[in-house]
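Each chain is listed here by its residues.
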Amino acid sequence: MIKILIADDEPLVQAGIKSMINWAELDMTIVGTASNGSIAYNMIDELCPDIIISDIKMPVMSGLELAKKCHEEKRELPIFIFLTSYEDFQFVKEAMTYRVNDYLIKLELTPEALTESLNLAVSRLQEIQKKNNISESPVVDSLYLMRDQFYTRLLLNLFESNVQFEAQRDNLKIDFDYDAFAVGYLTIGSEKLNTMDSEKSLNLYTSSMQVVTELISKYVPCHVLAKDINCLNIIFFLKDIEPENYKSIIENALNHVSVMLYNYYNVSISVAVGSFVNSPLQISSSYQDAKQISTQLDKGNKILFFEDITDQKEFTNVFNMSLFKEDIRKAYIEYDKDALGDIFNSIIEQFEGQTPHFIQALDAASSILYMSLSLLNNGEQIVTSIFSDSPNGYRSLYELTTVEQILQWLKVLRDGLCMTLESQNKNHKNHIVENVKKYIKEHIHEKLSLNSVSEIFNISPNYLSVLFSKYNDVGFTDYINQCKIEVAEKMLLEGDYKIYEISDTLGFESAFYFSRVFKKITGVSPRNYVTGNSIVK
């Protein structure tokens, strides 16, 4: 999938571009947004975008300066598309010297013009990839998408252990140095929706969601996850704030965003905020609380906090996904179509065998959809293709009015996912091994074990060991040792290192063990290796 980065200092422009076209249909994904060229430059190495859509004039560092910097560094990628105004034409000539691919006038920007410009950029991208013999790997997620998956696992309580959580947190460099956390369950509504066709209503929702995403973090640290066509989940991070002020801080932020949305799009938001928790692994509890009280929101009560609920009776409007989530997670990770089919059938049978509330069925289907979009590689693209015959795609779930309709929707999703898992099973497993090998090489100076690496990739140690033996010439431990000894050989020949220094640098238990592994792989001891190569020279 082609990766797009948007750089513009106006949040509404960012939101407009995001919602202007169907990116999945173009086999594209937006991996990030930046408010100036300096931020965008720092994101290039992190996110590896193929194309940057950038305003030509921005504070701190302009788009023109960003393109110049990339040109001077002899970067062929990313490819630049500039957004300009009429008065910026004096910069366009200079931009072309930096091999900027195209420029679009903001006031005349249309979906057709943007699509045409992107297609031109894709043609150039393919030429560069062909020249450099680069092939895109569809399963290697960007850091941006991996972080979304990480937060989704937090919301749904999918981590098997605290060790697994910490391993993925450290690998993704996510900071949880906060005093408290809470989850907001935000829904978007508008009186205009009844008079709009499906395409316009979808655009309105999408634009509103993008504005919330861009603006909420300006008032309180958070991470925003889009759940469905009219719902967002917001994870709030609170630090250096007195507990009695938690509520007012979040309420103030939500009120600011609410006013902005109403002024620009004439839409309103309702937000249910779950309990305040002290640990990241308790975030799922706050999420469940927020979902439970969300049905109590009404026109006169737009923001509701769980701690303000005085009625202590047990809520029954939320389907208990905890019974199935671990099995679903495992089926997705291992691409096991039979296991996934059994899980879907069990859920469907539960609803068919009783008289459930509509809200329970919708919550179950919504939760499964959320997991599918977030936990599957290219989940958005896969689920979109399954519901390609529906005018509103998988979002047709939120147009259904009966439990029977929801169960039929679940059966369509089940059949489509099982077909996908079956067709992609072998390639997926092979790609896991390739990604693990890449991770090993990038972390070769660390102590690497089967348990620690499997934690990073959210799979069991036994499963990783089996995959590695099947799709690689040597086993997991032997591969790590080979990679470490390759680095050790270079260090012995190119630097003035002592054997124990190399052993420590490469994470071996001791110099003795390092020497033993070195001799096993090369046939000679480290000392004789240096002596022999010195004689050759």
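Structural data are supplied above this passage.
A few points on the structure. One numbering rule holds for all chains: residues counted from 1, following each sequence as written. With the structure being a predicted model, the display of local features is reserved for residues of pLDDT at least 70 and the display and counting of side-chain atom pairs for 80 or more, all residues being used for whole-chain, interface and lining totals. Where side-chain values are given, they derive from all heavy atoms of the structure, hydrogens and water being excluded.

This brings us to the overall build of the protein chain. Along its length, the protein chain carries 21 helices and ten strands. Whether a residue is buried, partly exposed or exposed follows from its accessible area with a 1.4 Å probe, protein chains only, as a fraction of its type maximum: under 20%, in between, or over 50%, in that order. Counting across all 537 residues of the protein chain, residues that qualify as buried make up 50%. Pairs of residues are marked as contacts when any of their non-hydrogen atoms sit within 4.5 Å. Within the protein chain, counting contacts between residues at least 6 apart in sequence, those at least 24 apart form 69% of the total. Counting every atom, the protein chain has about 26,000 Å² of accessible surface; 48% of that belongs to carbon and sulfur. Secondary structure elements follow DSSP: runs of H or I of four or more residues count as helices, runs of E of two or more count as strands, with numbering from the N terminus. Each accessible area is a Shrake-Rupley estimate made with a 1.4 Å probe; only the visible protein chains count as cover when residues are assessed.

This brings us to the pairing of strand β3 (residues 51–55). A large share of β3 lies buried, amounting to five of its five residues. Judged by which residues are buried, β3 turns out to be covered on both faces: I51, I53 and D55 on one side and I52 and S54 on the other are all buried. Pairing between strands is defined by DSSP: at least two bridges between the two strands are required. The pairing of strand β1 (residues 2–7) with β3 spans four bridges and is classified as parallel. Pairing of I4 across the sheet is with I51, part of β3.

Glancing now at the packing of helix α18 (residues 476–494) against helix α20 (residues 511–522). For the pair α18 and α20, interaxial distance at closest approach is 10 Å and the crossing angle is 95°. Overall, the two elements α18 and α20 adopt an arrangement that is roughly perpendicular. Here α18 contributes D478, N481, Q482, I485, A488, E489 and L492 to the contact with α20, which in turn contributes Y513, F514, V517, F518, K520, I521 and T522. Here the nonpolar group is Ala, Val, Leu, Ile, Met, Phe, Trp, Tyr, Cys and Pro; Asp, Glu, Lys and Arg are the charged ones; every other residue, Gly included, is treated as polar. Each residue belonging to the contact of α18 with α20 can be placed in one class, and the counts come to eight nonpolar, three polar and three charged. Here, axes are lines fitted to C-alpha atoms. For helices the fit covers the stretch in contact, and angles between N-to-C directions go from 0 to 180 degrees. Relative orientations are named as follows: roughly parallel for angles under 35 degrees, roughly antiparallel for angles over 145 degrees, roughly perpendicular for angles from 65 to 115 degrees, and oblique for any other angle.

What counts as a ring pair is set by centres within 6.5 Å for rings of Phe, Tyr and Trp (its six-membered ring), and what kind of pair is set by the plane angle: stacked under 30 degrees, edge-to-face over 60, tilted for all other angles. Scanning the entire structure with this criterion turns up 21 aromatic pairs. Considering the side-chain rings of F150 and F176, the 6.1 Å spacing of their centres and the 35° angle between planes classify their relative orientation as tilted. Of the two residues, F150 sits in helix α6 (residues 143–156) while F176 sits in the loop between α7 (162–171) and β6 (180–189), which places them 26 residues apart along the sequence. Exposure remark for F150: the relative accessible area of 0% places this residue in the buried category. Judged by its relative accessible area of 12%, F176 falls in the buried class. Seen from the ring of Y41, K69 lies directly overhead, with NZ or CZ sitting 4.8 Å from the centre. When the NZ atom of lysine or the CZ atom of arginine is within 6 Å of a ring's centre and also within 35 degrees of its normal, the charge is said to sit over that ring. A cation over an aromatic ring shows up here: K247 above the ring of F305, its NZ or CZ 5.7 Å from the ring centre.

Pairing is parallel across the open sheet formed by five strands, whose spatial order is β2-β1-β3-β4-β5. Looking at the sheet topology across the chains shown, the edges are occupied by β2 (28–34) and β5 (102–105). On average, each strand axis in the sheet is inclined to that of its neighbour by 20°, with strand direction left out of account. Both strand β4 (residues 79–84) and β5 contribute to a ladder of four bridges, which runs parallel. Counted as the bridge partner of L83 is L104 from β5.

This next bit is on the side chain of S503. With respect to the helices and strands, S503 occurs in helix α19 (residues 499–505). Definition of a polar contact: a pair of N or O atoms within 3.5 Å, with one able to donate and the other able to accept a hydrogen when the atoms are protein atoms, and with sequence-neighbouring residues admitted only if both atoms are side-chain atoms. Of the polar contacts made by the side chain of S503, one reaches the backbone oxygen of S510; its length is 3.1 Å. A distance of 3.5 Å separates the side chain of S503 from the backbone nitrogen of A511, its partner in a polar contact. Excluding residues that lie within four positions of it along the chain, S503 makes contacts with F508, S510, A511 and F514.

Moving on, we get to the packing of helix α11 (residues 325–334) against helix α12 (residues 337–352). Packed helices, taken two at a time, are described by their axes: the angle between them and the distance between them. Here α11 crosses α12 at 150°, and the two axes come no closer than 8 Å. Comparing their axes, α12 and α11 come out roughly antiparallel. Between α11 and α12 lies a crossing of left-handed hand. Judged by residue contacts, D327, I328, A331 and Y332 of α11 engage A339, L340, I343 and F344 from α12. Each crossing gets its hand from how the near helix is turned against the far one by less than a right angle, where anticlockwise is left-handed and clockwise is right-handed.

Turning to the pattern of salt bridges, a few remarks are in order. Any two side chains of opposite charge can pair, on the condition that their charged atoms come close. The term salt bridge refers to a side-chain nitrogen of Lys or Arg lying within 4 Å of a carboxyl oxygen of Asp or Glu. Tallying each qualifying case throughout the model produces eight salt bridges. When the shortest N-O distance is used, the salt bridge between D177 and K239 registers 3.0 Å. With D177 in the loop between α7 and β6 and K239 in the loop between β8 (231–238) and α9 (246–265), this residue pair connects regions lying 62 residues apart in the sequence. Note on D177: relative accessible area 47%, which makes it partly exposed. Here D308 ties to K247 by a salt bridge, and the two come within 3.0 Å at their closest N and O atoms. On the criterion of sequence distance, the pair formed by D308 in the loop between β10 (303–305) and α11 and K247 in helix α9 is long-range, its members being 61 residues apart.

Looking now at unusual backbone geometry. Across the junction of L77 and P78, the peptide omega takes the value 5°, indicating a cis bond. Within the chain, K173 stands out as a residue other than glycine whose phi angle is a positive 55°. Tracing the chain through its elements places K173 in the loop between α7 and β6. Unusually for a residue other than glycine, D240 sits at a positive phi of about 55°. Structurally, the position occupied by D240 is in the loop between β8 and α9.

Quick look at α7 now. Buried within α7 are the following residues: Q164, F165, A167, Q168 and N171. Taken around the axis of α7, the buried residues stretch over an arc of 165°, which confines them to a single face. Of the residues one or two after α7, K173 is the one with positive phi, at around 55°. To be clear, the arc concerns the directions from the helix axis to the C-beta atoms.

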